[in-house]
Amino acid sequence: ASKSLQAFAGKNTGLNKLYLRDEKGNLVAAGPGGKTLLWNVSARPFFKPVTEGKSWSDTAVKPDPTTQVKGVLFVVPVLDGSKVIGALQSNYTVK
């Protein structure tokens with residue numbers, strides 16, 4: 001999974017980070033430069049809606065807490081049929 005994420009993120013230069021998380025919020029794989037301060041994000045406000053199968057995004061442009069690059073955080077559920085098995089988390093850079 002990590003090699004696939006790195007290849008995808010490398011082709012999409014607006015992404016300043018890309019993480020795959022399991023259904024408990026734990027880090028499974030990271031794209032290039034995948035520095036993270038949080039190995040588990042289950043307590044973050046965006047995680048509960050995602051576990052319910054809903055996509056989530058910031059409502060404002062703000063600096064990423066890890067990279068300090070201004071962008072918009074978005075998180076989408078990863079599904080196996082209708083069951084949420086994880087989340088794809090990214091921050092898209094705004095210039």
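A quick note: this is a predicted structure, and the numbers were derived from the prediction, not measured.

With that out of the way, let us pick up the confidence of the model for the protein chain. This prediction gives the protein chain a mean pLDDT of 82; 79% of its residues lie at or above 70. Across the protein chain, element-level confidence peaks in helix α2 (residues 47–51) with a mean pLDDT of 95 and bottoms out in helix α1 (residues 2–11) with 52.

This part takes up the pairing of strand β1 (residues 15–22). Most of β1 is tucked away, with eight of its eight residues classed as buried. Where β1 lies against strand β6 (residues 83–93), seven bridges are found, and the strand directions are antiparallel. Paired with Leu-18 across the strands is Ser-90, a residue of β6. Two strands pair when backbone bridges link them, and β1 and strand β2 (residues 27–30) are joined in this way by three bridges, in the antiparallel orientation. Within β2, the residue paired with Arg-21 across the bridge is Leu-27. Here β1 folds back onto β2, and the loop between the two strands holds four residues, one of which, Gly-25, carries a positive phi near 90 degrees.

Turning next to the nonpolar core. Side chains that are nonpolar tend, in soluble globular proteins, to be buried together. Of all hydrophobic cores here, the largest spans seven residues; its members are Val-41, Phe-46, Phe-47, Val-50, Leu-73, Val-75 and Ala-87. When residues of this core are traced back to their parent elements, those giving at least two are α2 and β5 (70–80). The contacts of Phe-46, once residues within four sequence positions are left out, are Val-41, Trp-56, Leu-73, Val-75 and Gln-89.

The rules behind each value
- Numbers given for residues are sequential positions, taken from 1 along each chain in its written order.
- Local features in this predicted model are restricted to residues whose pLDDT is 70 or higher, and side-chain atom pairs enter the listing and the counts only when it is 80 or higher, whereas totals over whole chains, interfaces and linings include all residues.
- Hydrogens and waters are ignored; side-chain quantities use all the structure's heavy atoms.
- Confidence of the predictor in every single residue is expressed as pLDDT, which spans 0 to 100.
- Strands here are runs of E lasting at least two residues and helices are runs of H or I lasting at least four, both read from the DSSP assignment and numbered beginning at the N terminus.
- We call a residue buried when its accessible area falls under 20% of the maximum for its residue type, exposed when it is over 50%, and partly exposed in between, using a 1.4 Å probe and counting protein chains only.
- By definition, two strands form a pair when at least two bridges between them are found by DSSP.
- By nonpolar core we mean a set of buried residues, namely Ala, Val, Leu, Ile, Met, Phe, Trp, Tyr and Cys, connected to one another through side-chain atoms within 4.5 Å.
- Contacts are assigned to residue pairs that have any heavy atoms within 4.5 Å of one another.

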